[in-house]
Amino acid sequence: MHTLTGHLFGRSGLHCMGRHGGHGHHGPHFDPRAFWHGPWRGMGFGPGGRRSRARRGDVRAAMLLLLEEEPRNGYQLMEEIESRSSGAWRPSPGSVYPALAQLEDEGLIRSDESGGRRSFDLTDEGRSYVADNRDSLGSPWDEAGEGVPSNFIELRTLIGQLGMATLQVAQSGNEEAVTEAKQVLTDARKALYGILAEAE
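These numbers come from a predicted model, not from an experiment. (Residues numbered from 1 in each chain as written. Predicted model: local features only at pLDDT ≥ 70, side-chain atom pairs only at ≥ 80, totals over all residues. Heavy atoms only, no water.)

Let's talk about the overall build of the protein
- Summing up its helical and strand segments, the protein has nine helices and two strands in all.
- Reading the secondary structure of the protein in the N-to-C direction produces α-α-α-α-β-β-α-α-α-α-α.
- Across the 200 residues of the protein, 35% fall into the buried class.
- As presented, the protein carries roughly 11900 Å² of accessible surface, and 50% of it is formed by carbon and sulfur atoms. (Helix = DSSP H or I, 4+ residues; strand = E, 2+ residues; numbered from the N terminus. Buried < 20%, exposed > 50% of the residue type's maximum accessible area, 1.4 Å probe, protein only. Areas by Shrake-Rupley, 256 points an atom, 1.4 Å probe, with all protein chains shown as cover.)

In structure tokens:
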């Protein structure tokens, strides 16, 4: 494992590896989409950190409303919910795909595997259902984002940007770049703890 990755993430860094966990020309191949499911998960900043606050029916409602706009696949639905909730809520595949299967069984949506990817769209019955129940469906992503301080969202965005830049250095940087990146991150961590000490 690349030196920087090992120092930063240890075993948890493995979650950021690509599907095959292989190494490219400059180092490990990372799947950026897996980043939030690695070292940041459980810290309150990653997608799903507020997932427990969402009601059971929210995933179903959110998907029906989004599919009314246009066909989407499961990953696109998760991404769009996260985006519209300003990062406060990203439902897991374990909640999205069973809900999609149930909606398909009910005849509200249909799947299409053309082009090598499986996407979902509302049926005529599904469109009638959404139109008749729009008020009760509400805006699940807005409700999931209620009460989340703007500073929280801004910090989460900045952490994500820092993490992605770090992964890019780990993947493509030479040893000198890795050494400099480690020092930058170490200094940043010390500075943050200094801010906490001053606040106390």
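Side note on the packing of aromatic side chains
- With the rule as written, the count across this model stands at zero aromatic pairs.
- In this structure, Arg84 is placed above the aromatic ring of Trp141, and the distance from its NZ or CZ to the ring centre is 5.3 Å. (Phe/Tyr/Trp six-rings, centres within 6.5 Å; stacked < 30°, edge-to-face > 60°. Lys NZ or Arg CZ within 6 Å of the ring centre and 35° of its normal.)

Quick notes on the packing of helix 2 (residues 58-69) against helix 3 (residues 74-84)
- Helix 3 packs onto helix 2 with a crossing angle of 105° between their chain directions and a minimal axis gap of 11 Å. Our classification of the angle between helix 2 and helix 3 gives roughly perpendicular. Residue-level contacts link Ala62, Met63, Leu66, Leu67 and Glu69 of helix 2 to Leu77, Glu80, Ile81 and Arg84 of helix 3.
- Of the residues belonging to the contact of helix 2 with helix 3, the class tally is six nonpolar, no polar and three charged. (Axes fitted to C-alpha atoms, helices over the stretch in contact; angles between N-to-C directions. Parallel < 35°, antiparallel > 145°, perpendicular 65-115°, else oblique. Contact = heavy atoms within 4.5 Å. Nonpolar A, V, L, I, M, F, W, Y, C, P; charged D, E, K, R; others polar.)

Focus: the pattern of salt bridges
- This structure, assessed with the given rule, holds 12 salt bridges.
- A salt bridge links Arg60 to Glu106; the shortest N-O distance between them is 2.9 Å. On the criterion of sequence distance, the pair formed by Arg60 in helix 2 and Glu106 in the loop between helix 4 (93-105) and strand 1 (109-112) is long-range, its members being 46 residues apart.
- Assessed through its relative accessible area of 23%, Arg60 is described here as partly exposed.
- The salt bridge involving Arg90 is made with Glu82; its shortest N-O contact spans 2.8 Å. (Salt bridge = Lys/Arg side-chain N within 4 Å of Asp/Glu carboxyl O.)

Here we look at the nonpolar core
- Membership of the largest hydrophobic core comes to 23 residues, with the highest contact counts inside it found for Met63, Leu64, Leu67, Leu100 and Ile109.
- Of all the elements in the fold, those that place two or more residues in this core are helix 2, helix 3, helix 4 and strand 2 (119-122).
- Sort the elements by how many residues they give to this core and helix 2 lands first, with eight residues.
- When neighbours within four sequence positions are excluded, Leu67 is seen to be in contact with Arg72, Leu77, Leu100, Ile109, Phe120, Asp121, Leu122 and Arg127. (Core = buried A, V, L, I, M, F, W, Y, C linked by side-chain atoms within 4.5 Å.)

Side note on the packing of helix 3 against helix 4
- Helix 4 packs onto helix 3 with a crossing angle of 120° between their chain directions and a minimal axis gap of 10 Å. Taken together, the axes of helix 3 and helix 4 lie oblique to each other. Between helix 3 and helix 4 lies a crossing whose hand is right-handed. For the pair formed by helix 3 and helix 4, the contact residues are Gly74, Tyr75, Leu77 and Met78 on the first element and Pro93, Val96, Tyr97 and Leu100 on the second. (Left-handed = near helix turned anticlockwise from the far one by under 90°.)

What about the confidence of the model for the protein?
- Looking at the protein as a whole, the pLDDT averages 76, with 67% of positions reaching at least 70.
- Here residues 7-53 is a poorly scored stretch, pLDDT under 50, and it has 85 contacts once near neighbours within four places are set aside; other chains count. (pLDDT = per-residue confidence, 0-100.)

Things to note about the pairing of strand 2
- Pairing of strand 1 with strand 2, which is carried by four bridges, proceeds in the antiparallel orientation. Each residue of the ladder has a partner; that of Ile109, found in strand 2, is Leu122.
- Connecting strand 1 to the antiparallel partner strand 2 that follows it, the hairpin turn spans six residues, and Gly115 within it adopts a positive phi of roughly 80°. (Pairing = 2+ DSSP bridges.)

Comments concerning helix 2
- Compared with an ideal rise of 1.5 Å per residue, which puts 12 residues at 16 Å, helix 2 spans 17 Å between its outermost C-alpha atoms and is within 8% of the ideal.
- Burial runs high along helix 2: nine of the 12 residues are buried.
- Those residues of helix 2 that fall on the buried side of the exposure criterion are Asp58, Val59, Ala61, Ala62, Met63, Leu64, Leu65, Leu66 and Leu67. (Expected span 1.5 Å × (residues − 1).)

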